[in-house]
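Report on the structure
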Amino acid sequence: MSQPDPFAIFNAAVNAAHTKNELMAANARIKQLEERLEAMREAGDAIWYCVRNAKDVKPEELIEAIDGWQEARNHG
């Protein structure tokens, strides 16, 4: 008959803490990606506004919209 592992409770606690840390990191990454997605969506909307209203939009507005999109794409 084998003896119980004296470190079983400790190992289980360490594994639970590790799992919790991984879950927290995953949730933080999801939040970060959601924020980046929203920034890209807003930047895309700004470009689409310029395209839809091309007759009335000044070139500077289009350049600003594209710069905003590039910033969102590169840095989120």
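Relevant structure appears above.
For the structure given in this document, a descriptive report is provided here. (Residues numbered from 1 in each chain as written. Predicted model: local features only at pLDDT ≥ 70, side-chain atom pairs only at ≥ 80, totals over all residues. Heavy atoms only, no water.)

Structural notes on the overall build of the protein chain
Applicable threshold: The way it works is that DSSP assigns letters per residue, a run of H or I at least four long becomes a helix, a run of E at least two long becomes a strand, and they are numbered from the N terminus. Atoms considered for the radius of gyration are the C-alpha atoms alone. The globule rule reads 2.2 Å times the number of residues to the power 0.38. Under the convention used here, a 1.4 Å probe and the Shrake-Rupley method define accessible areas, while residue burial counts only the protein chains that appear. Working convention for charge: Lys and Arg count positive, Asp and Glu count negative, and His plus the chain ends are omitted. Charge placement uses NZ in Lys and CZ in Arg. For Asp and Glu, CG and CD serve respectively.
In terms of helices and strands, the protein chain carries 2 helices and 0 strands. Against the globule reference of 11 Å for 76 residues, the protein chain gives a C-alpha radius of gyration of 25 Å, more extended than a compact globule. Taken along the three principal axes of its C-alpha coordinates, the protein chain extends 85 × 15 × 15 Å. For the protein chain, the exposed area adds up to about 6700 Å²; of that, 59% sits on carbon and sulfur atoms. Measuring between centres, the 9 positive side-chain charges of the protein chain sit 2 Å from its 13 negative side-chain charges.

Section: the pattern of salt bridges
Let me state the cut-off plainly: A side-chain nitrogen of Lys or Arg and a carboxyl oxygen of Asp or Glu constitute a salt bridge if their distance falls within 4 Å. Throughout, exposure labels follow a simple rule: accessible area from a 1.4 Å probe, protein chains only, divided by the maximum for the residue type, with under 20% read as buried, over 50% as exposed, and the rest as partly exposed.
Taken as a whole and assessed by the stated rule, the structure comprises 1 salt bridge. Where Arg 41 meets Glu 38, a salt bridge forms, and the shortest distance between an N and an O atom there is 3.1 Å. A residue pair is termed a helical-turn pair when its members lie 3 or 4 positions apart in one helix, as Arg 41 and Glu 38 do in helix H1 (residues 8-52) at 3 residues. Overall, Arg 41 belongs to the partly exposed group, its relative accessible area being 44%. A relative accessible area of 35% places Glu 38 in the partly exposed class.

A short note on the environment of Ala 65
Where we set the bar: Should any heavy atoms of two residues lie within 4.5 Å, those residues are considered in contact.
Tracing the chain through its elements places Ala 65 in helix H2 (residues 59-75). Here the alpha-carbon distance between Ala 65 and Ile 47, two residues 18 residues apart in the chain, equals 5.3 Å. If near-sequence neighbours (up to four positions away) are discounted, Ala 65 is found in contact with Ala 46, Ile 47 and Cys 50.

So, the environment of Arg 41
Our working rule: Two N or O atoms form a polar contact when they lie within 3.5 Å of each other; inside protein one atom must be a possible hydrogen donor and the other a possible acceptor, and for residues adjacent in sequence the pair counts only when both atoms belong to side chains.
On a C-alpha basis, the gap between Arg 41 and Trp 69 in space is 8.9 Å, while along the polypeptide they are 28 residues apart. A polar side-chain atom of Arg 41 sits 3.1 Å from a polar atom in the side chain of Glu 38.

Structural notes on a negative patch on the surface
Quick reminder of the rule: Patch membership is restricted to residues that have no salt bridge and whose relative accessible area is over 30%. Joining uses 9 Å for like charges and 5 Å for the nonpolar side chains Val, Leu, Ile, Met, Phe, Trp and Tyr.
On the surface, Glu 60, Glu 61, Glu 64 and Asp 67 cluster together into a patch of negative charge. Overall, Glu 60 belongs to the exposed group, its relative accessible area being 53%.

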